[in-house]
Amino acid sequence: MKTVLLKILGAFLATLAVTGVGVYWFATGPTNLDQYPPAAASPYHLPYPANKTWLCVQSNRGVVSHRGWEQFAYDFAMPVGSDVCAARAGEVIKVVVEHDGHGYKWPNNMVVIRHEDGTQASYLHIKKDGSRVAVGDKVTQGQVIAASGHVGNSMLPHLHFHVTDPDRKSTLPISFSDVDRDRGIPRMFKWYKPAR
Ligand SMILES: [Zn+2]
């Protein structure tokens, strides 16, 4: 009896493992790569300094939280207090840095920058009081705009970055001109050093 139960349990766990790998390969990560603008022409740089190499801990369509309207978001793990740089030039339209702590549905900190074409970049989980800019500031690409944090709905210190079209509450597929592989589209569990 015991052996039969163990066999059933084993089969169950094996199925779970196979399903898990299946979900990872087919349900997570960028898809339809042709919908992404070519990296060489991308107006975006990775949102951190050129001398830093950070791990992409969740890419587009990540199963943890990059689903639905947030499907084109990127998460880069970095220690609290790391420099966050403007991925693209624009005007600061929102700064929220009063929150501290993290947990499920925890209030989040952010800096939002509007670009010349009307799209908006959001930089989330910023450290409490970690903004280096104010609403109305014009920022250049690469300018340090904030100190990264671990605030809000966050499981580890990291920066969440996405670009939206404010008219259709949806994130946009973007690539980075300073990512010299993977078609400029960072992938989960890979390290990225800006190539610039
Ligand atoms: Zn995220």
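Right above here is the structure, for reference.
Residues numbered from 1 in each chain as written. Predicted model: local features only at pLDDT ≥ 70, side-chain atom pairs only at ≥ 80, totals over all residues. Heavy atoms only, no water.

Peer 1: Lay out the pattern of salt bridges with the relevant residues and their values.
Peer 2: In this structure the tally under the stated criterion is eight salt bridges. Between Asp165 and Arg168 there is a salt bridge whose closest N-O contact spans 3.1 Å. Look at Asp165 and you get buried, because its relative accessible area is 17%. The residue Lys190 makes a salt bridge to Asp182 at a minimum N-O spacing of 3.0 Å. (Salt bridge = Lys/Arg side-chain N within 4 Å of Asp/Glu carboxyl O. Buried < 20%, exposed > 50% of the residue type's maximum accessible area, 1.4 Å probe, protein only.)

Peer 1: Could you give an account of the side chain of Thr28, naming the residues involved and the relevant values?
Peer 2: Tracing the sequence through the fold places Thr28 in the loop between helix 1 (2-27) and strand 1 (54-58). Looking at Thr28, its side chain comes within polar contact range of the main-chain oxygen of Arg61, at 3.1 Å. A polar side-chain atom of Thr28 sits 3.4 Å from the main-chain amide nitrogen of Val63. (Helix = DSSP H or I, 4+ residues; strand = E, 2+ residues; numbered from the N terminus. Polar contact = N/O pair within 3.5 Å; in protein donor to acceptor, adjacent residues only side chain to side chain.)

Peer 1: Go over the coordination of the zinc ion with me, naming the residues and quoting the values.
Peer 2: At the metal site, the zinc ion is ligated by His66 (NE2), Asp75 (OD), Asp75 (OD) and His160 (ND1), and these contacts range over 2.0 to 2.7 Å. Each of the four donor atoms around the zinc ion contributes to a set of angles spanning 53 to 153°, which defines the coordination as irregular. (Donors = N, O, S within 2.8 Å, 3.2 Å for Na, K, Ca; no water. Tetrahedral: all angles 85-135°; square planar, octahedral: opposite > 155°, others 65-115°.)

Peer 1: How would you explain unusual backbone geometry if you had to name every residue and give the values?
Peer 2: Peptide bonds are, in most cases, trans, and in most cases residues other than glycine have a negative phi. At Arg61, a position not held by glycine, the phi torsion is positive, near 60°. Tracing the backbone shows Arg61 in the loop between strand 1 and strand 2 (74-77). Note on Arg61: relative accessible area 17%, which makes it buried.

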